[in-house]
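Summary of structural features
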Amino acid sequence: MMITITFDDAINNNNIELYKEMFKGRKNPNGCDIKATFFISHKYTNYSAVQETHRKGHEIAVHSITHNDEERFWSNATVDDWAKEMAGMRIIIEKFSNITDNSVVGVRAPYLRVGGNNQFTMMEEQAFLYDSTITAPLSNPPLWPYTMYFRMPHRCHGNLQSCPTRSHAVWEMVMNELDRREDPNNDEYLPGCAMVDSCSNILTGDQFYNFLNHNFDRHYDQNRAPLGLYFHAAWLKNNPEFLDAFLYWIDEILANHNDVYFVTMTQVIQWMQNPRTISEVKNFEPWREKCVVDGKPACWVPNACKLTSKEIPGETVNLQTCVRCPNNYPWVNDPTGDGFF
């Protein structure tokens, strides 16, 4: 069974140490380091840290440039709006994190607001491989990821969501809601939650540990659909008890199951396109890439660029990168920061 851990928003000094602690020395049954997927938004991101995260074999995906607070913006954005936000974010990541292997292929919309056909048309035009924004209501058994060639296998879930209504050549790494009941056997029905940090009734480390085990069993004992655990780093960082419970749980799963792998979203798709048995998967090439990465980071001291942009007047923003500083702070109409509009 596959487990996908994802984090949304900026990678910076607030969470770099947390990620180091989480991923250091934890290994999948094939002997490779466990991997996660990071959906990155632009502001406050340290691109030298993104470069290091990518070097370590984690997946980098896009979460927009502006992270526009107006939720309706994402529901109603045009194909061009989506391209500027998402393909523009990919340009920024590739340039300032020096990522040249075309591995930035995933999209997640801010606030999990699906952009309907416009979003998916943009993804086809810009050659994105998958979206991970659509939430599936809590169901047993949970859903496997699917392609958008056919109708979605569940209802469009969420307040006034705008799901696609026609065929698109894009994968959907669907966000299965998690069951947050303390005792699934006799508790009353509670609606599920997609992001772990939105499961508002988790108040102690013990509750979190039980919640993880119960949802793991739901997937493992039924159809082994990938278990997605989606976070914002601050939730773990601000609650050391939750972090301890989570790390304890990961170690326990790895110790007790030789058939459970913590992989990236792209690695799930690679397996679905080319399934392998438990014994074969130990040598499955896509899961052995950047197996254990040592060596030095790209730069010990990144350039700290203090930049402005006509698009965000009156603000000076810091940009940290191992490559040279651009002329302007990269933004929607000028993702390279060259100042050419």
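Every chain begins its residue count from 1, and numbering advances along the sequence as written. Restriction of local features to residues with pLDDT of at least 70 applies here, the model being predicted, together with a cutoff of 80 or more for giving and counting side-chain atom pairs; totals for whole chains, interfaces and linings are based on all residues. Excluded from the side-chain calculation are hydrogens and water; included are all heavy atoms of the structure.

In the annotation of an unreviewed UniProt entry, the protein chain is listed under the name NodB homology domain-containing protein and assigned to Glossina palpalis gambiensis.

Turning our eyes to something else, we now look at the nonpolar core. Membership of the largest hydrophobic core comes to 82 residues, with the highest contact counts inside it found for Phe208, Leu236, Phe246 and Trp249. Counting from the N terminus, the helices are DSSP H or I runs at least four residues long and the strands are E runs at least two residues long. Ranked by residue count, the leading element in this core is helix H8 (residues 240–256), at nine residues. Should any heavy atoms of two residues lie within 4.5 Å, those residues are considered in contact. Apart from the residues within four sequence positions on either side, Phe208 is in contact with Val196, Ile202, Phe231, Trp235, Leu236, Phe242, Ala245 and Phe246. In this structure, Met2, Val268, Ile269 and Trp287 belong to the second largest nonpolar core, which totals 20 residues. To define a nonpolar core, start from buried Ala, Val, Leu, Ile, Met, Phe, Trp, Tyr and Cys residues and group those joined through side-chain atoms within 4.5 Å. Exposed residues in this analysis have more than 50% of their type's maximum accessible area, buried residues have under 20%, and partly exposed residues fall in between, with area computed by a 1.4 Å probe over protein chains only.

Okay, the packing of helix H6 (residues 205–220) against H8 next. Contact geometry for H6 and H8: axes closest at 8 Å, N-to-C directions at 35°. The way H6 lies across H8 gives a crossing that is right-handed. Here H6 contributes Gly205, Phe208, Tyr209, Leu212, Asn213 and Phe216 to the contact with H8, which in turn contributes Glu241, Phe242, Ala245, Phe246, Tyr248, Trp249, Glu252 and Ile253. Residue type decides the class: Asp, Glu, Lys and Arg count as charged, Ala, Val, Leu, Ile, Met, Phe, Trp, Tyr, Cys and Pro as nonpolar, and the leftover types, Gly among them, as polar. When its residues are assigned to classes, the contact of H6 with H8 shows 10 nonpolar, two polar and two charged. Each axis is a line fitted through C-alpha atoms, taken for helices only over the stretch in contact, and angles between the N-to-C directions span 0 to 180 degrees. Two helices that cross are described as forming a left-handed crossing if the nearer one is turned anticlockwise from the farther one by less than a right angle, and a right-handed crossing if clockwise.

Here strand S1 (residues 2–8) lies mainly inside the structure; seven of its seven residues are buried. Burial along S1 is two-sided: the residues Met2, Thr4, Thr6 and Asp8 and Ile3, Ile5 and Phe7 are all buried. Examined bridge by bridge, S1 and strand S11 (residues 261–262) share two bridges and lie parallel to one another. What sits directly across from Met2, in S11, is Tyr261. Both S1 and strand S10 (residues 227–232) contribute to a ladder of six bridges, which runs parallel. Residue pairing in the sheet places Thr4 in a bridge with Gly228 of S10. What makes two strands pair is DSSP finding at least two bridges between them.

Looking now at helix H1 (residues 16–23). Here H1 has its buried residues at Leu18, Tyr19, Met22 and Phe23. Seen from one end, H1 has its buried residues packed into an arc of 110°, which puts them on one side. If you follow the buried residues of H1, they end up packed against S1, strand S2 (37–40), helix H7 (233–237) and H8. Backbone geometry just after H1 places Gly25 at a positive phi near 75°. Here the arc refers to the set of directions running from the helix axis out to each C-beta atom.

Here the UniProt feature "domain: NodB homology" (unreviewed entry) sits at residues 2–113. For residues 2–113, the end-to-end C-alpha separation is 25 Å, with 37% helix and 15% strand making up the annotated structure. UniProt positions are given in the numbering used here, feature names are shortened, and annotations may be inferred rather than shown by experiment.

Let us look at the state of the cysteines. Here a disulfide denotes one covalent bond, and it connects the sulfur atoms of two cysteines. The disulfide criterion used throughout: a pair of cysteine sulfur atoms within 2.5 Å. As enumerated under the stated definition, the model contains five disulfides in all. A sulfur-sulfur separation of 1.9 Å characterises the disulfide bridge that pairs Cys299 with Cys322. The disulfide joining Cys299 to Cys322 has a torsion of about -70° about its S-S bond and is therefore left-handed. Taken together, the positions of Cys299 in the loop between helix H10 (278–281) and strand S12 (303–307) and Cys322 in the segment after strand S13 (317–321) put the pair 23 residues apart, joining distant regions of the chain. One disulfide bridge connects Cys305 with Cys325, the sulfur atoms lying 2.1 Å from each other. Across the S-S bond of Cys305 and Cys325 the torsion is about -85°, and the bridge reads as left-handed. Separated by 20 residues along the polypeptide, Cys305 in strand S12 and Cys325 in the segment after S13 bring together distant segments of the chain. Counting its disulfide-bonded cysteines in sequence order, the protein chain shows a connectivity of 1-6, 2-3, 4-5, 7-9, 8-10.

Moving on, we come to the pattern of salt bridges. Salt bridges, as used here, are contacts in which a Lys or Arg side-chain nitrogen is within 4 Å of a carboxyl oxygen on Asp or Glu. With the rule as written, the count across this model stands at 12 salt bridges. One salt bridge in this structure joins Lys20 and Glu17, with 3.4 Å as the shortest N-O distance. Taken together, the positions of Lys20 and Glu17, both in helix H1 and three residues apart, correspond to about one turn of that helix.

This part is about unusual backbone geometry. Leaving glycine out, the prevailing phi sign among residues is negative, and the prevailing peptide bond configuration is trans. Following Asn140, the chain continues to Pro141 via a peptide bond in cis, the omega torsion being -5°. Located in the positive-phi region is Asn98, a residue other than glycine, with phi close to 55°. Following the sequence through the fold, Asn98 ends up in the loop between helix H4 (79–96) and strand S4 (106–107). For Asn98, a relative accessible area of 43% gives the class partly exposed.

For any pair of aromatic rings, the description rests on two quantities: the centre-to-centre distance and the angle between the ring planes. Working definition: rings of Phe, Tyr and Trp (its six-membered ring) pair if their centres are within 6.5 Å, and the pair is stacked with planes under 30 degrees apart, edge-to-face with planes over 60 apart, and tilted otherwise. According to the stated counting rule, one finds 25 aromatic pairs in the structure shown. Ring geometry for Phe216 against Tyr220: centres 5.2 Å apart, planes inclined by 20°, an arrangement best described as stacked. Residue Phe216 and its partner Tyr220 are both found in helix H6; the two are separated by four residues, about one turn of the helix. Of the residues examined, Tyr220 reaches a relative accessible area of 16% and is grouped as buried. Ring centres 4.9 Å apart and planes at 50° place the aromatic pair Phe231 and Phe246 in the tilted group. In this pair, Phe231 is assigned in strand S10 and Phe246 in helix H8, connecting sequence segments 15 residues apart. Given a relative accessible area of 0%, Phe231 falls into the buried group. Given the relative accessible area of 0%, Phe246 is considered buried.

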